[in-house]
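Inside the fold
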Amino acid sequence: MLSAKMQGLASGHDGELPSHTFPGAYPLFYIDSSMRALCPDCANKHEQLDNEVIEFDVNWENDSLYCDICNEQIVPAYGEDEK
Ligand SMILES: [Zn+2]
């Protein structure tokens with residue numbers, strides 16, 4: 001499920017929650033109603049989630065942020081070791 005705010009975001013992006021900001025291409029992550037962090041892939045499977053996706057944010061520099069569903073790292077915009 002998506003909150004009204006997230007529905008508005010998705011409807012501006014062909015019905016999908018974006019994985020990066022535009023412009024800027026900064027990495028986005030999502031937050032559900034239990035305050036779990038979600039990667040964009042999992043946030044887009046919101047029909048399968050128990051909780052509503054309520055918020056999103058840019059991961060600027062948290063290099064220990066992991067998706068609570070799939071455990072994928074949410075890569076920060078400004079990581080320590082950019083390759
Ligand atoms: Zn995930």
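As a reminder, the structure under discussion sits directly above these lines.
Keep in mind the model is a prediction, meaning the values are calculated, not measured.

**Re the sheet that holds strand E3 (residues 53-58)**
- One open sheet accounts for three strands, arranged E2-E1-E3; its pairing is antiparallel. Two strands bound the open sheet, and with one partner strand each, they are strand E2 (37-38) and E3.
- Alignment of strand E1 (residues 28-32) against E3, held across five bridges, turns out to be antiparallel. Following the sheet pairing, Tyr30 is matched in E3 by Phe56.

**Some thoughts on the environment of Ser34**
- Take Ser34: it is sitting in the loop between E1 and E2.
- Given 11 C-beta atoms within a 10 Å radius, Ser34 is considered exposed.
- The spacing of Ser34 and Glu52 is 18 residues in sequence and 8.4 Å in space, taken between C-alpha atoms.

Thresholds, definitions, all that
Residues numbered from 1 in each chain as written. Predicted model: local features only at pLDDT ≥ 70, side-chain atom pairs only at ≥ 80, totals over all residues. Pairing = 2+ DSSP bridges. Helix = DSSP H or I, 4+ residues; strand = E, 2+ residues; numbered from the N terminus. Buried ≥ 20, exposed ≤ 12 C-beta atoms within 10 Å, placed from the backbone.

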